[in-house]
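Results of the structural survey
Residue strings, one per chain:
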Amino acid sequence: MSNVAATEKKVLFSDEILQDPYPAYARLHEEGPLHYLAVGSEMAVWSIVSHSEISAIARDPRLSAKRAQKMISILPLDRQPEFRELARLLGLWLIFMDPPEHSRLRKLLNKGFSPAAVEGLRPQVEAIIDRMLKPLRPGSEVDLMEQFANPLPARIILEMLGVPQDMYDAFVAWSRAIAAFRGRPDSTVEQARGAQVALIALTDYFRKTVAERRRNKGTDLISLLIDIEEEGEVLTEEELYAQCVALLFAGHETTRNLIGNGMYTLLKHPLETEELRENPEFIRAAVEELLRFESPVQFTARVLKEDMEICGRRIPKRFSVLCMLGAANRDPKQFEEPNRLNLKRLNNQHLAFSAGPHFCIGNQLARMEGQIAILNLVQRYPGMRLAGPQPKWAPTFGFRGLNSLRVML
Ligand code: HEM
């Protein structure tokens, strides 16, 4: 067995590298497909950067997506008992399940995300975007994250769930607390506490909402899940609340970054943006390239169910591996000129939505939101440029996004 990567720990998850991880990714690609990356000062985790290896791992049943318990094992041993509820509640999310539970729940949820269901939302998405952009006048200076990219996906997922828009501020605060914990492989006790408080509050909210919705059903996602449950499919009450929380989180925390990262990238590439403005029919390909170039989800993880050889290295059962989606999307073995933005890239098989059974259920919704939002911004504001200091990337490595993006419209 070849020793492709030395067990020497390499640093990737630093706040400095986070501002521009791409030179580090390029070095990792030169050195091999698998690396032992430092997590905090003491631990390290095997991490795959190769596109083809991640594609295979994501489909391999010898690896498990059940990792909610593992997430708290990074905390000091004596503090872990405080976070049993955090692990239990996260463990009910579809994304952290294995078959047969995963297959059963995924089949039920797929009904809410069918191509027809997503396409049916198009007029609503267009109307929300129009309403949000109308007050933003060309020539004014705004924070595009605060005024547009943050609230848009949250508004859409709240509408889908049939939740009043006045819950927006509370939901965003809870969602940010979960992202702060989930977005780092080296989360702290404080971040775990914030996530646990948020998850309990969200679960309580949906417990009440589901009870109320049973009395007054509508055409929203929660009513659909209740219908499925009442038709005799197996979905427990707790699973129902957990999927509402997970959808709210996943629908908001990632799509905001597709729009924010996408617009930041376009603003730094004015020639490509001009070409897109003149050829709007390329918006689908352009959004795929923006998903590849600045991927909103930079890594996911799996746990080995048995001893395995991965990229020529024996890794024991119960170890975790990180699948570095953002790095795979810059893999020179998969993409020609991976570090060049090419809005017309052909055969763009990026892994921004992962692969295999956990492939993002919301991918079509996210794509539609991204395409309509970005095209509207590019066409309505031809003079848009960056304003203020250089934007900083938020310290959640897993969820790559900007806290603020000041622009002159
Ligand atoms: C640009 C936006 C988005 C990105 C980049 C993204 C990315 C991802 C990725 C990488 C995964 C799989 C992780 C893994 O393999 O472990 C995933 C799963 C998932 N996503 Fe998304 N997502 C986006 C938008 C959405 C939206 C809008 C929703 C729903 C409203 C959503 C709901 C989900 C759910 C429920 C799963 C779990 C699927 C399963 O385990 O079967 N996502 N997403």
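A few points about the overall build of the protein
Assigned secondary structure in the protein consists of 19 helices and 10 strands. For the protein, whose C-alpha radius of gyration is 21 Å, the value lies close to the compact-globule estimate of 22 Å for 409 residues. Across the 409 residues of the protein, 41% fall into the buried class. Summarising the internal contacts of the protein: among those between residues at least 6 apart in sequence, 74% fall at separations of at least 24.

Observations regarding the pairing of strand β8 (residues 320–323)
Burial along β8 is two-sided: the face carrying Ser320 and Leu322 and the face carrying Val321 and Cys323 are both buried. In this structure, strand β2 (residues 43–48) lies alongside β8, joined through 3 bridges in parallel fashion. Opposite serine 47, over in β8, you have leucine 322 as the bridge partner. Bridging between strand β5 (residues 300–304) and β8 involves 4 bridges; their strand directions are antiparallel. The residue of β8 that forms the bridge with threonine 300 is cysteine 323.

Observations concerning the sheet that holds β8
Taken together, 5 strands build an open sheet; the order of strands is β1-β2-β8-β5-β3 and the sheet is mixed. Because the sheet does not close on itself, it has two edges, and the strands there are β1 (34–39) and β3 (63–64). When β1 meets β2, the two strands line up antiparallel, connected through 6 bridges. Looking across to β2, one finds that alanine 38 is bridged to alanine 44. Of the strands in this sheet, β2, β3, β5 and β8 are in contact with helix α3 (residues 51–59), which crosses β8 at around 125 degrees.

Things to note about the nonpolar core
Of all hydrophobic cores here, the largest spans 110 residues; its most connected members are Leu161, Ile178, Val245, Cys323, Met324 and Leu325. Take this core: its biggest share by element is 9 residues, from helix α14 (residues 237–253). Setting aside residues up to four positions removed in sequence, valine 245 forms contacts with Leu199, Leu202, Thr203 and Phe206.

Structural notes on the site of the ligand
In the vicinity of the ligand there are 26 residues, among which Gly251, Thr254, Ser354, Cys360 and Gly362 approach most closely. Looking at the shell around the ligand, the element that brings in the most residues is α14, giving 4 residues. Residues that form the shell around the ligand fall into these classes: 18 nonpolar, 7 polar and 1 charged.

Quick word on the packing of helix α10 (residues 151–161) against α14
Taken N-terminus to C-terminus, the directions of α10 and α14 make an angle of 155 degrees; their axes are 8 Å apart at the nearest point. With respect to α14, the element α10 is oriented roughly antiparallel. In the packing of α10 onto α14, the handedness of the crossing is right-handed. Note on element contacts: α14 touches α10 through Cys244, Leu247, Leu248, Gly251 and His252, opposite Pro153, Ala154, Ile157 and Leu161. In terms of residue class, the contact of α10 with α14 is made up of 7 nonpolar, 2 polar and no charged.

Things to note about the packing of helix α11 (residues 168–182) against helix α12 (residues 189–215)
Following both chains from N to C, one finds α11 and α12 inclined at 140 degrees, their axes separated by 8 Å at the closest point. Relative to α12, the element α11 lies oblique. Here α11 runs over α12; the crossing is left-handed. Residues Trp174, Ala177, Ile178, Ala180 and Phe181 of α11 touch α12, and the partners they reach there are Gln191, Ala192, Gly194, Ala195, Val197, Ala198, Leu199, Ala201 and Leu202. Residue classes in the contact of α11 with α12 are distributed as 12 nonpolar, 2 polar and no charged.

Remarks on the pairing of β5
With burial as the criterion, only one face of β5 is covered, namely that bearing Thr300, Arg302 and Leu304; the residues Ala301 and Val303 on the opposite face remain uncovered. Pairing of β3 with β5 involves 2 bridges; the strand directions are antiparallel. Bridge assignment links serine 64 to a residue of β5, and that residue is valine 303.

A short note on the sheet that holds strand β10 (residues 406–408)
If you walk across this open sheet you meet the 3 strands as β4-β10-β9, and the pairing is antiparallel. This sheet does not close on itself; its edge strands, each paired only once, are β4 (141–143) and β9 (385–386).

Quick notes on the environment of glutamate 126
Here glutamate 126 lies in helix α8 (residues 122–133). In sequence terms glutamate 126 and methionine 368 are 242 residues apart; their C-alpha atoms lie 9.8 Å from each other.

Considerations on the confidence of the model for the protein
Confidence along the protein averages 92 in pLDDT terms, with 97% of residues attaining 70 or more. Across residues 1–6, confidence stays below pLDDT 50; counting only partners more than four residues off in sequence or on other chains, it has 15 contacts.

A few points about helix α5 (residues 84–91)
For α5, the full list of buried residues reads Leu86, Leu89 and Leu90. For α5, the angular spread of buried residues about the axis comes to 100 degrees, placing them on one side. In this structure, the buried side of α5 is in contact with α4 (68–72), α12 and α14.

Some words on unusual backbone geometry
Cis rather than trans, the peptide bond between proline 99 and proline 100 has omega equal to 0 degrees. Structurally, the position occupied by proline 100 is in the loop between α5 and α6 (101–110). One non-glycine residue, cysteine 311, lies in the positive phi region at around 50 degrees. Within the secondary structure, cysteine 311 is located in the loop between β6 (308–310) and β7 (313–315). Even without glycine at this site, asparagine 347 takes up a positive phi of about 50 degrees.

About the thresholds
- Residues numbered from 1 in each chain as written.
- Predicted model: local features only at pLDDT ≥ 70, side-chain atom pairs only at ≥ 80, totals over all residues.
- Helix = DSSP H or I, 4+ residues; strand = E, 2+ residues; numbered from the N terminus.
- Rg over C-alpha atoms; globule rule 2.2 N^0.38 Å.
- Buried ≥ 20, exposed ≤ 12 C-beta atoms within 10 Å, placed from the backbone.
- Contact = placed C-beta atoms within 7 Å.
- Pairing = 2+ DSSP bridges.
- Axes fitted to C-alpha atoms, helices over the stretch in contact; angles between N-to-C directions.
- Core = buried A, V, L, I, M, F, W, Y, C linked by C-beta atoms within 7 Å.
- Near = placed C-beta within 6 Å.
- Nonpolar A, V, L, I, M, F, W, Y, C, P; charged D, E, K, R; others polar.
- Parallel < 35°, antiparallel > 145°, perpendicular 65-115°, else oblique.
- Left-handed = near helix turned anticlockwise from the far one by under 90°.
- pLDDT = per-residue confidence, 0-100.
- Arc of directions from axis to C-beta.

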